[in-house]
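For reference, the chains in residue letters:
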Amino acid sequence: MESAPLETDQDLLAELRALLAGESDPIANAANTAALLFNRVGRLNWVGFYFLQGETLVLGPFQGQPACTRIPLGRGVCGTAAAAGETIVVPDVHEFPGHIVCDTASLSEIVVPLALPGRLSGVLDVDSPERSRFGPAERALFEAAADIYVEACTPRA
Ligand code: SME
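Report follows, based on the coordinates. (Residues numbered from 1 in each chain as written. Predicted model: local features only at pLDDT ≥ 70, side-chain atom pairs only at ≥ 80, totals over all residues. Heavy atoms only, no water.)

Before going further, it helps to spend a moment on the overall build of the chain. Secondary structure assignment for the chain yields 4 helices and 6 strands. For the chain, the α and β elements follow one another from N to C terminus as α-α-β-β-β-α-β-β-β-α. Here the chain has a C-alpha radius of gyration of 15 Å; the compact-globule value for 157 residues is 15 Å, and the two agree. The dimensions of the chain, computed from C-alpha atoms along their principal axes, are 50 × 40 × 25 Å. Among the 157 residues that make up the chain, the fraction classed as buried is 43%. Partitioning the intrachain contacts of the chain with sequence separation of at least 6 by distance along the chain shows that 50% fall at a separation of at least 24. Only carbon and sulfur atoms are counted for the fraction: they give 53% of the accessible area of the chain, which is about 8,200 Å². Separation between the mean location of the 10 positive side-chain charges and that of the 20 negative ones in the chain comes to 3 Å. (Helix = DSSP H or I, 4+ residues; strand = E, 2+ residues; numbered from the N terminus. Rg over C-alpha atoms; globule rule 2.2 N^0.38 Å. Buried < 20%, exposed > 50% of the residue type's maximum accessible area, 1.4 Å probe, protein only. Contact = heavy atoms within 4.5 Å. Areas by Shrake-Rupley, 256 points an atom, 1.4 Å probe, with all protein chains shown as cover. Lys, Arg positive; Asp, Glu negative; His and termini not counted. Charge placed at Lys NZ, Arg CZ, Asp CG, Glu CD.)

Below you can see the structure in the form of structure tokens.
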């Protein structure tokens, strides 16, 4: 019997696109995005969203252990990525000054800003219990997932 082919990142992104198709609610889409990524990408212990309210990132839908609810812009990995408007990959969280510990099992982290047209709306945060879990392929995957999320939540003119 032939074994099923391994799921590729492109398959997973196509599945995310299909999952979010026809829904523009940011909370519903964040919940499904977090659930899909958490359950289908290996060796992760936290996947979730923080949304910007004023100068503070506030916890949104996630999968994993309970997490801190508010992160000021510029603080932690999430606040730093949001303030810079750029993805941050942290191979070892113990070496990132100001890293905010939510789950002591987390050893590496990637944070992708969510750029709605003309403004930052929040971040997608992904943690792993493995050091150096996130390389260029993972960065491309989570940036593409964030783009699909933003696109789904952007109302058409
Ligand atoms: N480690 C993050 C905080 C969020 S948790 O990892 C879920 C940070 O330093 O911003």
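Here the narrative resumes.
Taken as a whole and judged by the stated rule, the model has 0 disulfides. With no disulfide of its own, Cys68 has Cys102 as its nearest cysteine by sulfur position, at a separation of 3.0 Å. What makes Cys68 partly exposed here is its relative accessible area of 22%. (Disulfide = S-S within 2.5 Å.)

Turning our eyes to something else, we now look at the nonpolar core. Counting 29 residues, the largest nonpolar core has Leu37, Phe49, Leu114, Leu124, Val126, Phe142 and Tyr149 as the members making the most contacts within it. Those elements that provide at least two residues to this core are α1 (9-20), α2 (26-40), β1 (46-53), β5 (108-116), β6 (119-128) and α4 (136-153). Look past the residues within four positions of Phe142 in its chain and what remains in contact with it is Leu37, Val41, Leu44, Ile110, Val112, Leu124, Val126 and Phe134. Grouped together as the second largest cluster of nonpolar side chains are 15 residues, Ile71, Cys78, Ala82 and Val123 included. (Core = buried A, V, L, I, M, F, W, Y, C linked by side-chain atoms within 4.5 Å.)

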